[in-house]
Amino acid sequence: MKFVRTHLAWKVFLSYLLVVLVGGVVLITAASLSVPAAFERHMASMNAIMTNGNTVGNNQQMQTELFSQYTAAVYEAVTYAVVAALIAAILASFFISRQVVTPMLRMMSLSHRIAEGEYEERLALPGGQQADQIDELGQLALSFNQMADKLEKTETMRRELIGDVTHELRTPLTAVKGYLEGLIDGVLPADPETYQQIHSEIDRLQRLVNDLQELSRVEAGAFQLLLTPVSPSSLIERIQSTLGRQFEDKNIQLEISVESDLPDILVDKDRILQVLTNLVGNALQYTPSGGKVTLLVRRERSDVLFSVKDSGIGITAEQLAFIFNRFYRTDKSRTRASGGSGIGLTIAKALVQAHQGKIWAESNGEGKGSTFSFLIPISR
Ligand code: ADP
């Protein structure tokens, strides 16, 4: 009987069947009751007719009598059947409309409330349906709830983004305003150093705006991957040539370990270089001089693993949970001072995911270094 409970069409069909059955049963019952009574009446009137002597006239009168008794019996039975079918139809349509109309009305009023910005409420399964036995209306309610979940999430993200952006913009703007007020009041000297400070704050603002633009493009998936077969070792060579010098300057050892005979991966070269530059750049930034950064590439089943391990400041277990969230920085004052906006890892994650890959971070805790790794599938 599960298919009856899970299909609205079956419920409607069963309600029609019920009306037909009730009408039929009442018709048969009424006919079986009214026909003997009509027969009795016919016999009684036949006796009365037989007692008067006119045979030809009697025959005709008896036929008319029989016909009228017969039609009266049929009408009586049909009337009972129609009344019973009508009652059954009223009950069945009441039941079906309650099953269909009530959830629809609820859905309508909830959609109005969602349109007005109230996202908390959800629809219950209609008619107390169980989760494993839901019909089309139940599925509609579930889809409606899913839509409401998505809308609520998008709205929350939108609100958080506006809050985050406002917060991030306010800090450098306040700094610039402070410098300018200092200059106007004559508290700060109008020398190259002051102008340099203002310039670097504006520079930070510009970087932030660029990062935000990139973030919104990447998060919305509004970018095209130019996929080409790329050898992993060529990526590492590029990173070494662009960042190697900075490692030397900061006196950090850059160790590179690339497995031999690695297959090519189908990636957007510039995008993967962007991810690697971010991870290696972070390792460089968050590792004190005299430290070590290891860049490792090897095959891991059907993927190529890229891993950047540093001996730097490390990340606590609580911080690890948020490290890929936008604007998240483990030490806000230090990283903001060094120009970090906390968007790089968010973009890196979106780019790796766009390649059907996976990215994660590990650390044994504060002061114990960190490892950032990502996997890129070999064949897609
Ligand atoms: P940012 O531009 O601030 O570096 P990211 O998104 O690249 O932005 O990094 C987010 C935060 O994660 C950083 O501000 C820093 O607190 C932390 N972080 C990233 N990489 C490392 C690392 N190798 N060691 C320690 N902390 C790191």
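One can find the structure itself at the top, above this paragraph.
Cut-offs and rules
Sequence order as written defines the numbering, with residues in each chain counted from 1. With pLDDT at 70 or above as the cut-off, local features in this predicted model cover only qualifying residues; side-chain atom pairs require 80 or more to be listed or tallied, and sums for whole chains, interfaces and linings still use all residues. Excluded from the side-chain calculation are hydrogens and water; included are all heavy atoms of the structure. For this purpose, a residue is taken to be near a molecule or strand whenever a single non-hydrogen atom of the residue falls within 4 Å of it. Here a polar contact is taken to be a pair of N or O atoms separated by no more than 3.5 Å, where protein atoms must pair a possible hydrogen donor with a possible acceptor and residues adjacent in sequence count only if both atoms sit in side chains. Note on areas: Shrake-Rupley, 1.4 Å probe, and residue coverage restricted to the protein chains presented here. Helix and strand labels come from DSSP, where a helix needs a run of H or I of at least four residues and a strand needs a run of E of at least two; each type is numbered from the N terminus. Ten residues, namely Ala, Val, Leu, Ile, Met, Phe, Trp, Tyr, Cys and Pro, are considered nonpolar, four, namely Asp, Glu, Lys and Arg, are considered charged, and the remaining ones, Gly among them, are considered polar. In this description, a nonpolar core means a group of buried Ala, Val, Leu, Ile, Met, Phe, Trp, Tyr and Cys residues linked to one another through side-chain atoms lying within 4.5 Å. Partly exposed describes any residue whose relative accessible area lies between the buried limit of under 20% and the exposed limit of over 50%, with all areas from a 1.4 Å probe on protein chains only and scaled to the type maximum. Domain boundaries shown here were taken from an automatic or database domain assignment. Whether two residues are in contact is decided by their heavy atoms, any of which lying within 4.5 Å being enough.

**What about the site of the ligand?**
Piece 1. In the neighbourhood of the ligand, 21 residues make up the surrounding shell, with Asn282, Asp310, Thr330, Gly342 and Leu345 lying closest.
Piece 2. Between Asn282 and the ligand, the recorded distance is 2.8 Å, taken from a side-chain N or O atom to an oxygen atom.
Piece 3. Here the ligand loses 96% of its free accessible area of 530 Å² to cover by the protein chains.
Piece 4. For the shell around the ligand, the secondary structure elements donating two or more residues are α7 (269-285), α10 (344-354) and β7 (370-377).
Piece 5. For the shell around the ligand, a count of residues per class yields 9 nonpolar, 10 polar and 2 charged.

**A short note on the nonpolar core**
Grouped burial of nonpolar side chains is what soluble globular proteins tend to show.
Piece 1. One finds Leu276, Phe306 and Phe374 to be the most contacted residues of the largest nonpolar core, which totals 47 residues.
Piece 2. Of all the elements, α7 adds the most residues to this core, at 8 residues.
Piece 3. Composition of this core by domain shows at least three residues from each of domain 2 (164-220) and domain 3 (228-377).
Piece 4. With near-sequence residues (within four places) excluded, Phe374 lies in contact with Ile272, Val275, Leu276, Leu279, Val304, Leu305, Phe306, Val352, Lys358, Ile359 and Trp360.

**As for the side chain of Ser307**
Piece 1. Positionally, Ser307 belongs in strand β5 (residues 303-310).
Piece 2. Of the residues examined, Ser307 reaches a relative accessible area of 9% and is grouped as buried.
Piece 3. A polar contact of 3.4 Å, which involves the side chain of Ser307, links it to the side chain of Ser373.

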